[in-house]
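Fold and geometry: a report
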Amino acid sequence: MKRKLLSFLLAATMVMGMATGCGNTSSGGADTGDAANSGGGEVQVGIVLPTKDEPRWLQDQKQFETILGDAGFSNQVLFSQGSSATEKTNVETLISKGIKVLIICAQDGAAASAAVEEAKNAGVKVIAYDRLITGTDAVDYYVTFDSFAVGAAQGQYLIDNAPSGSDIPLYLFAGAATDNNAFIFFEGAWSVLQPKIADGTFKIANSSEAEALKDKAELSRDEIGKIIGQVTTDWDFNVAKSKAEAHLTAVGADAKGDVLVLAPNDGTSRSIADVFATDKDVTSYVITGQDSEKASVQYIIDGKQSMTVFKDTRTLAADSVSMAVDLLDGKEPATDSTYNNEKIDVPAKQTSIVVVTKDNVKAALIDSGYYEASEFTGLE
Ligand code: BGC
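Below or above, wherever it landed, is the structure these notes cover. Computed from a predicted structure; not experimentally measured. (Residues numbered from 1 in each chain as written. Predicted model: local features only at pLDDT ≥ 70, side-chain atom pairs only at ≥ 80, totals over all residues. Heavy atoms only, no water.)

1. Concerning the environment of Ala 177
Its place among the elements puts Ala 177 in the loop between strand S7 (168–172) and helix H6 (180–198). Under the relative-accessibility criterion, Ala 177 is labelled partly exposed at 48%. Ignoring any residue separated from it by four or fewer positions in sequence, one finds Ala 177 in contact with Phe 183, Ile 228 and Thr 232. (Helix = DSSP H or I, 4+ residues; strand = E, 2+ residues; numbered from the N terminus. Buried < 20%, exposed > 50% of the residue type's maximum accessible area, 1.4 Å probe, protein only. Contact = heavy atoms within 4.5 Å.)

2. Quick look at the packing of H6 against helix H8 (residues 221–231)
Between H6 and H8, whose axes approach to 10 Å, the crossing angle comes to 95°. The angle between the axes of H6 and H8 places the two elements in the roughly perpendicular class. On H8, the residues touching Asn 180, Ala 182, Phe 183, Phe 186 and Glu 187 of H6 are Arg 221, Ile 224, Gly 225, Ile 227 and Ile 228. Class assignment for the residues of the contact of H6 with H8 results in 6 nonpolar, 2 polar and 2 charged. (Axes fitted to C-alpha atoms, helices over the stretch in contact; angles between N-to-C directions. Parallel < 35°, antiparallel > 145°, perpendicular 65-115°, else oblique. Nonpolar A, V, L, I, M, F, W, Y, C, P; charged D, E, K, R; others polar.)

3. Looking at the site of the ligand
Neighbouring the ligand are 13 residues; Glu 54, Arg 56, Asp 130, Asp 179 and Asp 291 lie closest to it. In the model, an oxygen atom of the ligand is placed 2.7 Å from a nitrogen or oxygen of the Arg 56 side chain. Between an oxygen atom of the ligand and a side-chain N or O atom of Asp 179, the distance comes to 2.6 Å. Burial of the ligand by the surrounding chains reaches 100%, relative to a free accessible area of 310 Å². For the shell around the ligand, the elements supplying multiple residues, two or more each, are helix H2 (55–70) and H6. The residue makeup of the shell around the ligand, split by class, is 3 nonpolar, 3 polar and 7 charged. (Near = heavy atom within 4 Å. Polar contact = N/O pair within 3.5 Å; in protein donor to acceptor, adjacent residues only side chain to side chain. Areas by Shrake-Rupley, 256 points an atom, 1.4 Å probe, with all protein chains shown as cover.)

So, in structure tokens, the structure goes:
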């Protein structure tokens, strides 16, 4: 935690150094409520986020505004609202405002290549934020959480909190196939769950593709794609709900009772948990999540969601800002890994993650200053 705070302060200080002379007034931004802090003039750093309809991305927006805005660094945050076309228009808008660095979390990792190629052609440095953009050499850097560790932590939690016995029903759900992260999360979860499936401790309840691959420790991207094809939530709460309902309707009594549910993130976890909670033949469920969204933290306090993964957006935003500042300064940013995007190895900076349960919710999220205790009820 100390290290994180340090890097946060470091980034903020670097931004302050760079920002000398920049205005700190808000120009109001687009009518959609998108944030702008460009002092009425040119925008140096443009930020594009996938949607404001998921609390996760509002957390990131808040961090960017805090770090860049407070320092008077000219910037603008635009949302793509689930549309690659809007995303491309957003990038074009930011290019026309003179940005030097684009920080972008893609709606669709492959489709976003066209937008970032435009940015590259306009001389803009591109930082992929959280989600990798694939199939292009127009991504300069990638700032990400350790997504494999996210999936592995989810899988390990299910193992550690499973009821005793064998053939314990395991429901698998995944993110959107257009998001490279969905593959990495699943790969991480599979890396720990697969031995338990292969030895008969767990029995997959809702994916014939996963069942057919249960003896394979490592899956190819195509194989993971086939499983995701059956169990995707599309990162959409409604899809998650209807898929959970359909899957529970399709199974027999042997796939009910005390069950385990791999849910890919908090929004989908709450939807799926609500469905499992109302099925009279499901006696108990253990369900995962990620993002530490406020609503899920409350679900965890209330015993309706079992865990979440805390991805500290303060660190991720600070890391990308620090990278942007280096780039504006003509310096080579520090990286610690590479991610292959099917075209090039993209230099990356990774941030670690923290598992949050009822037991450490206060220490991880309140004591670290991420949320206020008053935002929740029943917190001890
Ligand atoms: C992010 C998750 C998020 C999901 C849905 C992923 O790429 O890493 O934090 O929950 O997208 O928006």
